[in-house]
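Residue strings, one per chain:
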Amino acid sequence: MPTRTYRPIPVATLAAGVEVILPLHEIVGDRDGPTLGISAGIHGEEAVGVEIVYRFVTAFDLTGLAGRLLVLPVANPFTYAAITRTTPIDGGNLNRLFPGNPDGQLTEQLAYKMTEGFLRKIDHYVDLHAGGAYPTVDYVYVLNAEHLSRAFGSRLLYRPKETLMGTSISVTRERNVPSIVVELGGGDVDQSAYVRRGIQGLANVLRMLQMLPGDPVPPPPQIVLREIATLRPHHGGLLLPEVTEMGSEVRGGQVLGRVVSPYSLEELEVVRSPFARGIVVLTQLTPNVVEPGIFGYMIGNLATAES
Ligand SMILES: [Zn+2]
């Protein structure tokens with residue numbers, strides 16, 4: 001049976017006297033193999049990833065594990081507690097601050113500890129993200145490990161032209177560590193189907209790496225998007241969604257949702273799909289409060305996609 005050890009990484013002491021740690025778990029198999037790193041909660045409002053990791057580590061049968069798992073269920077405890085994207089104390093977005101700075105602001109110190117104690121110790125990497133408190137999302141990035149991205153099992157993949165600076169992936173890619181970023185679930189809806197898929201996806205990645213016996217479950221027919229438009233509303237208010245099916249095809253100009261004012265009761269904005277043939281990658285499944293500039297919708301362009 002795999003050996004499990006809890007190895008929390010000290011980060012800082014808060015003014016409230018509380019010790020902040022990075023909750024690192026090490027699971028060592030009986031056979032030799034690589035080290036796979038799994039992280040969730042870099043953005044704490046994307047909390048379904050935290051649940052996926054919890055259930056995978058505590059309930060999934062890891063008998064026969066080869067190699068080692070290093071698991072970080074909550075990478076930014078401040079944002080998990082506050083259900084936010086940025087650390088309330090300093091406003092930092094952890095996933096823009098890697099590799100961090102040991103003498104920088106709190107979130108930079110956190111990034112540095114995660115880089116040294118986790119990202120520099122792994123041979124393969126899965127980072128779990130989600131839509132957030134309101135939006136729901138469903139795709140996997142293709143970065144430097146297309147076989148692992150495909151093995152996770154999502155229908156939609158995204159091969160970006162360029163990637164953001166300062167993400168955890170920027171550290172692992174520089175080390176040539178095969179890495180995937182999963183965007184799965186989120187929103188104010190039942191997450192159980194996303195949790196099941198997340199657990200299955202992690203198991204598929206382990207099987208693809210031959211860290212668990214058996215073959216990955218074959219994925220559904222997959223679409224690799226090369227272009228995704230992020231639609232951010234210009235007006236805040238009450239968002240009333242019209243397209244609420246993840247992965248559905250939408251035509252050019254089709255109404256995705258409307259922002260109305262709950263004060264004057266006027267319609268402030270209509271959000272429309274920008275591509276002649278689009279596919280819903282991120283959407284709002286329930287009427288929500290929105291602010292200008294939030295992640296409203298993400299639509300993939302099927303005209304430029306790889307099949
Ligand atoms: Zn995220």
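In what follows, the structure referred to is the one given above.
Remember, it's a predicted structure, so these values are computed and weren't measured experimentally.

Concerning the coordination of the zinc ion
Phase 1: All of the protein donors around the zinc ion are His43 (ND1), Glu46 (OE), Glu46 (OE) and His129 (ND1); their distances to the metal are 2.0 to 2.4 Å.
Phase 2: The coordination sphere of the zinc ion comprises four donor atoms, whose angles at the metal cover 56 to 148°; the geometry is irregular.
Phase 3: Between consecutive donor residues of the zinc ion, the sequence gaps follow H-x2-E-x82-H. Residue His43 shares its accessibility class with Glu46, and that shared class is buried.

Examining the packing of aromatic side chains
Phase 1: Applying the stated criterion across every chain, the model contains five aromatic pairs.
Phase 2: Centroid distance Phe56 to Phe60: 5.0 Å. Interplanar angle 25°. Geometry classified as stacked.
Phase 3: Here Phe118 and Tyr125 contribute two aromatic rings whose centre-to-centre distance is 5.8 Å and whose plane-to-plane angle is 75°, an arrangement assigned as edge-to-face. By the burial criterion, Phe118 is buried, and Tyr125 matches it.
Phase 4: Among the aromatic side chains, those forming a connected cluster through ring pairs are Tyr139, Tyr141 and Tyr158.
Phase 5: The side chain of Arg232 reaches across the aromatic face of Phe295, ending 4.4 Å from its centre.

A short note on the pairing of strand E16 (residues 267-272)
Phase 1: Direction of pairing for strand E15 (residues 255-260) relative to E16: antiparallel, over a ladder of five bridges. Bridge assignment links Val259 to a residue of E16, and that residue is Glu269.
Phase 2: The hairpin formed by E15 and E16 contains six residues between the paired strands, and Leu265 there has a positive phi angle of roughly 70°.

With respect to helix H3 (residues 106-117)
Phase 1: End to end, H3 covers 16 Å across twelve residues, agreeing with the expected 16 Å (1.5 Å per residue, within 8%).
Phase 2: If you check which residues of H3 are buried, you get Leu106, Thr107, Leu110, Ala111, Met114, Thr115 and Gly117.

Observations regarding the pattern of salt bridges
Phase 1: In the structure shown here, the tally under the stated rule is eleven salt bridges.
Phase 2: In this structure, Arg150 and Glu146 form a salt bridge, with 3.0 Å as the shortest nitrogen-oxygen distance. You can see Arg150 and its partner Glu146 sitting in helix H4 (residues 146-152), four residues apart, about one turn around the helix.
Phase 3: Taking the relative accessible area as the measure of exposure, Glu146 reaches 28% and is therefore partly exposed.

Observations regarding the environment of Pro233
Phase 1: Along the polypeptide, Pro233 turns up in the loop between strand E12 (228-231) and strand E13 (237-241).
Phase 2: Separated by 63 residues in sequence, Pro233 and Gly296 place their C-alpha atoms 6.3 Å apart.
Phase 3: For Pro233, the contacting residues outside a window of four places in its chain are Val259, Glu269, Glu291, Pro292, Gly293, Ile294 and Gly296.

Quick notes on the rules
- Residues numbered from 1 in each chain as written.
- Predicted model: local features only at pLDDT ≥ 70, side-chain atom pairs only at ≥ 80, totals over all residues.
- Heavy atoms only, no water.
- Donors = N, O, S within 2.8 Å, 3.2 Å for Na, K, Ca; no water.
- Tetrahedral: all angles 85-135°; square planar, octahedral: opposite > 155°, others 65-115°.
- Buried < 20%, exposed > 50% of the residue type's maximum accessible area, 1.4 Å probe, protein only.
- Phe/Tyr/Trp six-rings, centres within 6.5 Å; stacked < 30°, edge-to-face > 60°.
- Lys NZ or Arg CZ within 6 Å of the ring centre and 35° of its normal.
- Pairing = 2+ DSSP bridges.
- Helix = DSSP H or I, 4+ residues; strand = E, 2+ residues; numbered from the N terminus.
- Expected span 1.5 Å × (residues − 1).
- Salt bridge = Lys/Arg side-chain N within 4 Å of Asp/Glu carboxyl O.
- Contact = heavy atoms within 4.5 Å.

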